[in-house]
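The chain contents come next:
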Amino acid sequence: MSVYQVPHPAPPPTTDQGVLSVALTTEGPASVVEVRGELDMDTVGLLVDFTTTVLAGLPPPVLVLDLSGVSFFGAAGITALLTVRRQAAARGCALVIRKPSRITVTILNLVGLRDEFITE
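All chains use their own residue numbering, which begins from 1 and follows the written sequence. At least 70 in pLDDT is required for a residue's local features to be given in this predicted model, at least 80 for side-chain atom pairs to be given and counted, and no such filter applies to totals for whole chains, interfaces and linings, which use all residues. Values shown for side chains rest on all heavy atoms present in the structure; no hydrogens or waters enter the calculation.

1. Observations regarding the overall build of the protein
Here is step 1: Helical segments are the DSSP runs of H or I of at least four residues, strand segments are the runs of E of at least two, and each set is numbered from the N terminus. Looking only at helices and strands, the protein has 4 helices and 5 strands in total.
Here is step 2: A burial count over the protein gives 45% of its 120 residues as buried.
Here is step 3: Two residues qualify as a contact provided that any one of their heavy atoms is within 4.5 Å of a heavy atom in the partner residue. Counting contacts in the protein only where the partners sit at least 6 residues apart, residues at least 24 apart contribute 66% of the total.
Here is step 4: The protein chains shown are the only cover counted for residues, whose accessible areas, like all others here, come from Shrake-Rupley with a 1.4 Å probe. Summed over all atoms, the accessible surface of the protein reaches about 6,100 Å², with 58% contributed by carbon and sulfur. Exposure classes here rest on a 1.4 Å probe applied to the protein chains alone. A residue is buried below 20% of its type maximum, exposed above 50%, and partly exposed in between.

Okay, structure coming up:
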């Protein structure tokens, strides 16, 4: 497996805001943001700010949000995903949602956005 470093002003490798933590890794040309915890109106700012920083400068060609560790996903989480997708698209970066947790899939299904974000 080869490693390709995408230069961009990276946030700290991990950030924790109580019940939500995000961590940045790379896989080939992709930047992977691992999200763990509750994604609600008190915590979505952390995710949006973190991904905004990842996309600053020279953005990666692919931004992967690993949502396997999301334990709560509310309306604010939907707004955050739409915001991140809009920011990524504006920078010419593809957004991929990886391994969304069961609650994330359930909520995206309820609001009719599952096919917008999940292609598995």
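2. Some thoughts on the packing of helix α1 (residues 44-55) against helix α2 (residues 75-90)
Here is step 1: Contact geometry for α1 and α2: axes closest at 10 Å, N-to-C directions at 10 degrees. Judged by the inter-axis angle, α1 sits roughly parallel to α2. Where α1 abuts α2, its residues Val44, Leu47, Val48, Thr51, Thr52 and Leu55 lie against Ala76, Gly77, Ala80, Thr83, Val84, Gln87 and Ala88.
Here is step 2: Basically, the charged four are Asp, Glu, Lys and Arg, the nonpolar ten are Ala, Val, Leu, Ile, Met, Phe, Trp, Tyr, Cys and Pro, and anything else, Gly included, counts as polar. Classifying every residue of the contact of α1 with α2 gives 8 nonpolar, 5 polar and no charged. Only the stretch in contact is used when a helix axis is fitted, and all axes are lines through C-alpha atoms; the angle between N-to-C directions ranges over 0 to 180 degrees. Each angle gets one of four labels, with under 35 degrees taken as roughly parallel, over 145 as roughly antiparallel, 65 to 115 as roughly perpendicular, and the rest as oblique.

3. Digging into the pattern of salt bridges
Here is step 1: What counts as a salt bridge is simple: a side-chain nitrogen of Lys or Arg found within 4 Å of a carboxyl oxygen of Asp or Glu. Scanning the model with the defined rule gives 3 salt bridges in all.
Here is step 2: Between Glu27 and Arg98 there is a salt bridge whose closest N-O contact spans 2.7 Å. Placement of Glu27 in strand β2 (residues 20-27) and of Arg98 in strand β5 (residues 94-98) is noted, with a sequence separation of 71 residues between them.
Here is step 3: As a salt-bridge pair, Arg85 and Glu116 come within 3.0 Å of each other at their nearest N and O atoms.

4. Here's the deal with the side chain of Asp40
Here is step 1: With respect to the helices and strands, the residue Asp40 is situated in the loop between β3 (30-39) and α1.
Here is step 2: Note that His is not counted, nor are the chain ends; the positive residues are Lys and Arg, and the negative ones are Asp and Glu. Buried charge without a partner: Asp40 forms no salt bridge, and the closest opposite charge is Arg36, 16 Å away.
Here is step 3: Excluding anything up to four places from it in sequence, Asp40 contacts Phe72 and Ala76.

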